Structure formats: structure tokens, C-alpha cells
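Structure assessment
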Amino acid sequence: MNVTLFITCYNDTLFPATGKAVVAVLERLGHTVDFPQAQTCCGQMHYNTGYQNDARHMMMHFLKVFRDAEIVCVPSASCVAMMREHFPKMAAAMPDAAVGRDVTAMLPRVYEFCELLVDKLRSVDTGATFPHTVTLHSTCHSLRGTKIGERPLQLLRAVRGLSYVELPQADQCCGFGGTFSIKNADVSAALLSDKVRAILDTQAEVCTAVDNSCLMHIGGALSRQRAGVRCLHLAEILASTSGEPA
Amino acid sequence: MSAAPLDSKQEILERIRKAVDSVGNRAAEYAAIPREYRREGAMAAEAKMELFAARLYDYGTSVYRCTTAQIADAVAQALSARRRTGIVVAHGVPASWLPENFEFVEDDGLSYTALDASNGVLTGCELAVAFTGTIILRHGPGQPRRAVTLVPDYHLCVVRAQQVAETLPEAIRRVEEFRSTPLTTISGPSATSDIEMTRVKGVHGPRTLDVVLVS
Amino acid sequence: MSVRVGKAAEAPTFAQAARGMLGNAQLRHNVRHATDVIRARRAHAVGETADWQQLRDSARAIKDHVLRHLDTYLEQFETACKAAGGKVHWARDADEANTAIVDIIRSHGGTEVIKVKTMTSDETGLNPALEAAGITPIETDLADLIIQLGADKPSHIVVPALHRNKAEIRRLFMEKMQLPELGERAEDLAGAARRYLRERFLRVPVGLSGANFAIAESGSLCVVESEGNGRMCLSLPKVLVSLVGIEKIIPTFGDLEVFLQLLGRSATGERMNPYNSIWSGVTAGDGPQEFHVVLLDNGRTGVLTEPETRPTLACIRCGACLNICPVYRQTGGHAYGSIYAGPIGAILTPQLQSMKHSQSLPFASTLCGACYEVCPVKIDIPEILLHLRNKVVKSGGAPLAERLAMRFAARAFKNGGRLESAQKLVRIAQKPYVHSGSIERLPGMLANWTQFRDLAAVPAESFRQWWAARQNKEKK
Ligand code: SF4
């Protein structure tokens, strides 16, 4: 199948390794990947911070860039949630009814990375090897925004050599919340310290998730504490092989 | 009455009318509200009674099950178990419920102080709900006053089988005709969790509730 | 106009207030414990209710319907209440409500009033108004009594004193109730409150309450409670005054079958709260013989104006959104500067004040969505938060640095080329701060990030550059 990658602005800028991993997994499974260079951002940060006018422009740009894509793969649950929850509402508030139709036509083709693998490509086993102890943070947007639920776990369980440890209170928000982490830094840090404590208690070597935004926040604290626990996007674990380990 | 309150009313209503365009047929709209929740129970009579009794046990209530002919005996049993030699009797309690050898005081408008000093109160009820372990009291003429079911520290309540509904919606429909008289629902004795979330039973209402359940 | 929500207009920003709370270990321990306990109880009670989602759907539909026809239902309520012997007062704002209540109590020469928990009276600042008029309010809900005796502020909608522990309460009771001795168990403390209040229940001739539901067709009020103090205040005094927000209306008595099933389970995790009192007007020979309802607007009609914010008024004050909220769980209620804390407070408090105050509250959320999931009337709180954030930004309420950063980003996101240039710019700008691939200290607004966490440096090659290079290689 031909998959068009929407890498998302922050993965593009800050976490290119995640994008490379997505490409590696999909190509290994025999699919072709396409990356439109014109793409930018889904508008989430602006929308969630109150700059909805700006977000609208980003939505329009997204619709234009991905108009002809058959399957859009997004390795970020929160961006997918943004599209599913807010694109229709933004479109409905616009005078041009064609935008609404574009959104309706676009959304069924948008897949979060795990959804794509499990539901559309039916490839729970990606042929990965990752001989480490891993725990999974279930991000709020993967639980409630996109409802991808158990899919990340299904994928992890198929990875050779991986030993999975459950994260206690995995569904508790890590406290990132986009600009919340700046505007309410103290509360964000308090939530983060609970999350970090839970992660350290599992004795895992690696903490994974389907949102690099949460991982950037969690990983930042683990790094500050020199905790020796790595944060890796799920795609990077799935891309890992014994020849090319993550 | 001064003119000011009227102005406030008009202004509030005006603001509401400006804020919402309440066009559309209100009654039809109300009738179209989805009500897919459970509105009828499905339990057999005995199962329903057992559920109700189980819920009451959960609340720490002692339940005395008996037949109509045994009500007075059950009342005597309950009172003895609580070491009561007498009790106030609310309006609407038939004489046949009262056992011999106990001292019963009719509530003919007893003062709050007298109620406070009493050993408890015996009442019937209007209805009960099995699923939630709820007793519904109706007040007003010929019924127990609110104070008499509240100020005494002990409440003994007689509930008959035909009064027990399985679900709340069934009970609500059955008491609907009394919607303009005061109603009290009781689900277990009064309780608080205000101190460190420790559940303490019995704060201001009757601290002990017993039920005679008649089949 | 004196619309107000307690003293929320003077409160510090959420971030400032929260900082103080986070340092209070006792408070955080108590809040955590309390919310854990209620959450577990709620989950159990909801779990055994097979038709929970259907109940939520109906509740929301009823509330939406009422709000669309609020004028008609309020008038219907007034007519029915009057027919049952009650008196109805309308109050546009807090002062009008307080004045009406003070006048009623004064007309009976009352110097004391027994109160059942009513958040609405905290909203209007009724207690100070009563005291100024020489009337002593006596709070009878155990938690409210703890708050009142300690000259403290409530920190939760349902369990307002959860920030206090047993030892503190014991000390407070011994001092204020003049008890030379008092046991240490919760039972002992509850017993002390029973004795302290009983004499007052039996003696004080004026009662004051709020209401959970006001039934339009019968003009009845319904008060939901656990301790029995409500029943005392509602049935023993000679005169009863109830202060009721106009959004508390439900159309019919039958609608209680929906709300009573939702409220107890959501609020305390009980199948049904121990006591509900329902009454209309006055009943000869039983209960208060004079009854007043004060219907309060105080900013509610403003919330009604926008379809986006209107669902805020569907709230039945169960507190479930507080208990589930990760932010509330860290800070407790005081950080919200208002009687209404947690997610519902974050949307309600600023709106009641026409968005002129408490503007930091809509930002006091990570948008995790847990509140929406538990809300028994399905209020999409995150959605309303976003709407309010947009209002704050549009009215120029956002900090300058943020506005500039957002503008920079918006420009960068116009097309792929611009984004690539911006990425390059950031890579240059970060240089002085990067040490072995990591940033430990940043200036300005971003210091809020690096104060607690490292930031991985922007890598030398973005994904789009890597992709372009790969494509080029393939072509060759
Ligand atoms: S918003 Fe919903 S969950 Fe929160 S208090 Fe109101 S009814 Fe309860």
C-alpha cells in the first residue's frame, strides 16, 4: 500500500528518528512511503492555546497538502485527536461548506501509526527485535482522544526479546498539556514527578508512548535526574532489529 | 411589595429570552427526550425482596422479615434487640403493628424536645426501592410528620412487599401523584465522610434504622 | 451590577496560587487520599449501573431542553411554588439575593440562621452580608462547620474540608466548642458536631438552604444530602429560605428518576445518597410554615448566551470532575480562587464574571479529557476550556512573549519552506544553550520548561532534510 506520512511539526523538527523509524517499519512490511515536503502542522498548539484563527489556516494547509493521499499515517495520537475532534468544528464554523466536505472526506483516511498497523495493514508483528525491559505510558490522547486503547500493547507484545512491565496508573496524565507545561510549570512538574516515580518503580530501561510530546516532557525529567531510563517512541522500538538496534 | 423585585424578574426573563431562541414546541421537544435507561424492573418478587434486604444489610440496617400476621412480633423483636421498652408511634401506623408490653406514645404534635428525648419512632412508609435500598416516606395529613422521622435517634420502619419497587424510575412513577406533598428518601442511616474520608454512620438523623419487611 | 463569585475577582492567578499549594505536603496528601477514595467508590457504583451511559444521555438532553426554555420553566416554577404557599423572589446579582435574604430574616427579628450546605451562598458572599446585618449564620454540614469554625475556605465541591486532617479538626472543635476533652476518632468528632448542632437545630427558627433541583411543574425543591443536617434545616424551623440558581430547574418530578440515579453515584459513589428531601411551598402541620425561594441569576444568563458555553449550566455539582482531574489532584481547590474548583470551576468562575476576572483558569488544565469522561451530564469541559482560551487570547489577555512566539510559529507553519527556514533559525538560536546534545537552561518563558526538565536539542538534521537527501540519493 502507498502510505503518505504526516510527520507532524515537532517530530519533524525535534524527533526525526521517529519519522525514520516509521518509514523503516512500513517499508519493511512492503509498503511504499511518500512524504509531501509542503506539510507543516495540524494546528494543535495554536488551537489549544487559544489561537484558533491561526489553527484554521494550518488546517486549510493540511487539507490542501494531503487532499490526494490514500492513507495518511500520523505518528502522534494527539495530532490525530486534534484532527478528529476539532477539524470538523472549525470547518463547520467557516462560511465555505466545501471545507466541511473536505474534512469529512479526509478524516477516514487519517490513521494514527498503531491504528494503521493493527487495523488497516493488519501487521501486529512488525518483525522487530528489542531485547529490553519496556514500560508504556498511555497518553491521554491515545486513551480518550483517539481511543487507540490496547493497540500499542498488542504491537509491543509481538516484539522479540522485549519484556513488558506494566506502568502503575498508566492512564494518569503526565502533566505535559502543551503550553500548560510552560504556563503552569509548577503543576506540570508536580504531575511529572508522579509519573517519573511510577516509571522508575517499574525498573524498566525504556519508557515508550505514541506521543513524542509527552515523551519529551517525561524524558526531560528523566534526563535531568540522570535516571538512566530512555524514552523512545513506539515506532522506534518497532523499527529495531538485531542488525539495526534502536 | 416594592416594585424592585418585579423588575428583577422581568430583567432576568428578558436576558434569557435574548440569550436563547426558545422556538420550537416545548412539549413535543420534552416528549422527544431519549429515555433509553432502565425504567422497568425484571426481577421476580422474592429476588427483589432479597435484593432490598441485602442493600439494607449493606447500610448496617437490621432487617426483620415476617408475614402480615407477624408484624407486631417483629416489632417486638426489633425493639428488644435495641433494648427499647417504648417508642413514639407516627401517624398512619395501625394498632395491629403494636405488640403488647411496650409503651407506645402517639405523636399528637410532640415538641421537638420531647422527640429528642424519646427512644425512637415507629413508622410505615410510602414505597421502597430494591436496587438502591431506599425507603420513601410521604408526609402531610395522616402521614408521619417530617420531624418525627428525624429527631429521634432510632427509626423502625415497616415496609410491605407490595411497596417495594425494583428500580427508582418505577418508584418515582408510583409516588408521582404525591409530588406536591413533602417526600423524604432514606438510603441507610445518615453518614458523613467529611473527616479524612472515613465513613462515619449516624450524624444528625436517626443513627440507627431498622426495617420490618413484610411479605 | 454586582455579579461576583465570592472573592474570585481578587484572587491571584492559578499558577501563582498553585505554587503555594504544591509546597503544602499535608494538603497534597489529604487531597490525594480523598480523591483516590471517592474515585474508587464512584467507579464501583457506576460499574454496577448497566444503563449508566443511557442515564447520562437523558440527563444531558433534559438539561439542554430546560436551558432552551428556561424563561418558561422559571415562570412555571414560580406559579406552582406560589400556589403551594411559597414566596418567590428574583435576584439579578449577588447583592440583590443577599438583601432579599437579610430582609426576610429581619422581618422575623431573627438573629441566627441554620444553614445547609449551599455553594450558591458562598458565591453571593451571603455569610458576610448576614453578619453585617447582625445575623449569625450557623453552618450545619460537618465540613462547612469545620470551615466556618476555622475561618477557612472550602476546597472541594462535595467534601469542602478534605484539606483538613483529624488532628486539626479535633483541635479546632475543642477550642471553638469549648470541649475540655474529645476523642480522636472520626466518630468522636462527628459526635461532637451532633451535640453542638442539635441544640441549635431544635431552637433556631430560621433555616437557609440551596437546592439541587427545582421542579417546574410542581414548584418543588429537592435537596440531596448525607448527614441529616439538611432534613433538620428544611423541616424544623418556622421559616425557610432557599437560594437557588436559575439553572437548577428540571421540568417534571419524573425527571428526578434520572438525576437522583446519577448524582449520588457521581458525587460520593453511593447508590443513592442517604437523604433526599423534596417539598413544595408549605404543608399545614408539618415543617416550616413560611417558605421563600430566591432565584438567582448572578451571571448565569450571560453563560446562556453562547451555545458553546451554555452546557456549563447543565452541571449538577457532583464533583466527579474534580476527583478525576490530575491538576486538581495536585493543587486542591484553593488554587482556583473560587468556591467552584477543579474543571467545572475553571469554566464556571470566569464565565460568571463575564470573563473579566479569573482569566488564568481556562488554562489550568492539561486537556487530558478525563473530566468529560466522568461528567454525569456529559459536559465537554475541554471543549469549553478551549473556547474560553480563545476568548482570552482574542481580548488581548495573553502575555506578549506568548503572542510573539505563536505568531512566529504560525508564520513558520504556512508552508514547508518556511518551516525549514524556521528550523534552521532555531538551530542557530539554541547554540549557546546546548551542551552535549541537551539543553539545561533557557531564558524567558522557556525557563519554565528547563527549570524542571532538560530539553533535547534540535538535531542537526530535520526529518524533512533527511527525506530530501534520501530522495536525492535514490534519484542518483
Ligand atoms: S461538570 Fe459534570 S462532573 Fe463536574 S461537577 Fe458538574 S456535573 Fe459533576
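Keep in mind the model is a prediction, meaning the values are calculated, not measured.

What follows is about the domain arrangement of chain A. Residue and element names in this part refer to chain A. When its domains are assigned, chain A resolves into domain 1 (2-120) and domain 2 (133-239). Here the C-alpha centroids of domain 1 and domain 2 sit 22 Å apart. With 28 residues of domain 1 at the contact, the number on the domain 2 side is 23 residues. At the boundary of domain 1 with domain 2, total buried surface from both sides reaches about 1900 Å², with 66% on carbon and sulfur atoms. Ranking the residues of domain 1 by area buried against domain 2 places Ala-77, Cys-114 and Val-118 at the top, with a combined share of 22%. At the boundary of domain 1 and domain 2, one finds one salt bridge. In this structure, the salt-bridge partner of Asp-119 is Arg-151, at a minimum N-O distance of 2.9 Å. Run the count over domain 1 and domain 2 and you get 12 residue pairs in polar contact (both at pLDDT 80 or more). Elements represented by at least two residues in the side of domain 1 that touches domain 2 include exactly helix H1 (9-14), helix H2 (16-28), helix H3 (44-49), helix H5 (77-92) and helix H7 (113-120). Among the elements that make up the side of domain 1 that touches domain 2, the one with the highest residue count is H2 (seven residues).

Another aspect to go through is the arrangement of the chains. Counting contacts across all two pairs of chains found in contact, the highest total belongs to chains B and C. In this assembly chain A lies apart from chain B, the nearest approach of their C-alpha atoms being 19 Å.

With that settled, consider the interface of chain B and chain C. On the chain C side, the residues contacting the 76 residues of chain B number 98 residues. Summed over both sides, the interface of chain B with chain C buries roughly 7600 Å², with 58% coming from carbon and sulfur. Together, Asp-194, Met-197 and His-204 of chain B form the three largest contributors to the area buried by chain B at its contact with chain C, with a combined 11%. Summed over the shared surface of chain B and chain C, the result is 16 salt bridges. A salt bridge links Arg-198 of chain C to Asp-116 of chain B; the nearest nitrogen and oxygen atoms lie 2.8 Å apart. If you look at where chain B meets chain C, you find 46 residue pairs in polar contact (both at pLDDT 80 or more). Looking at the side of chain B that touches chain C, the elements with two or more residues in it are helix H1 (4-19), helix H2 (26-31), helix H3 (45-58), helix H5 (112-117), strand E6 (134-138), helix H6 (168-175), strand E9 (183-186) and strand E10 (191-192) of chain B.

Reports of interface size often rely on the accessible area that becomes lost once the parts have come together. At the interface, 63 residues of chain A touch 66 residues of chain C. When the two sides are added together, the surface that chain A and chain C hide from each other amounts to roughly 5400 Å², 58% of it contributed by carbon and sulfur. For chain A, the biggest contributors to the area lost against chain C are Tyr-51, Ile-182 and Arg-224 of chain A; these three give 12% of the whole. Between Glu-383 of chain C and Lys-89 of chain A there is a salt bridge, and its shortest N-O distance comes to 2.7 Å. At the boundary of chain A and chain C, one finds 34 residue pairs in polar contact (both at pLDDT 80 or more). A per-class count over the side of chain A that touches chain C returns 27 nonpolar, 24 polar and 12 charged.

Rules behind the numbers
Numbering of residues starts from 1 in each chain and follows the order in which that chain's sequence is written. As a convention, the first chain written is A and the first ligand written is 1, with the rest following in written order. Per-residue local features are limited, in this predicted model, to residues with pLDDT of at least 70; the limit for side-chain atom pairs, both in listing and counting, is 80 or more; totals at the level of whole chains, interfaces and linings are taken over all residues. Side-chain numbers come from the whole structure's heavy atoms, not from hydrogens or water. Each domain's extent was defined by an automatic or database domain assignment. Any two residues having at least one pair of non-hydrogen atoms within 4.5 Å are treated as being in contact. Each of two parts loses accessible area, computed with a 1.4 Å probe, when they are put together; buried area is these two losses added. Salt bridge, as used here: a side-chain nitrogen of Lys or Arg that lies within 4 Å of a carboxyl oxygen of Asp or Glu. Within 3.5 Å is the distance limit for a polar contact, defined as a pair of N or O atoms, with the added protein rule that one can donate a hydrogen and the other accept it, and that residues adjacent in sequence qualify only through two side-chain atoms. Counting from the N terminus, the helices are DSSP H or I runs at least four residues long and the strands are E runs at least two residues long. Under the convention adopted here, Pro, Cys and the residues Ala, Val, Leu, Ile, Met, Phe, Trp and Tyr are nonpolar, Asp, Glu, Lys and Arg are charged, and Gly plus all remaining residues are polar.

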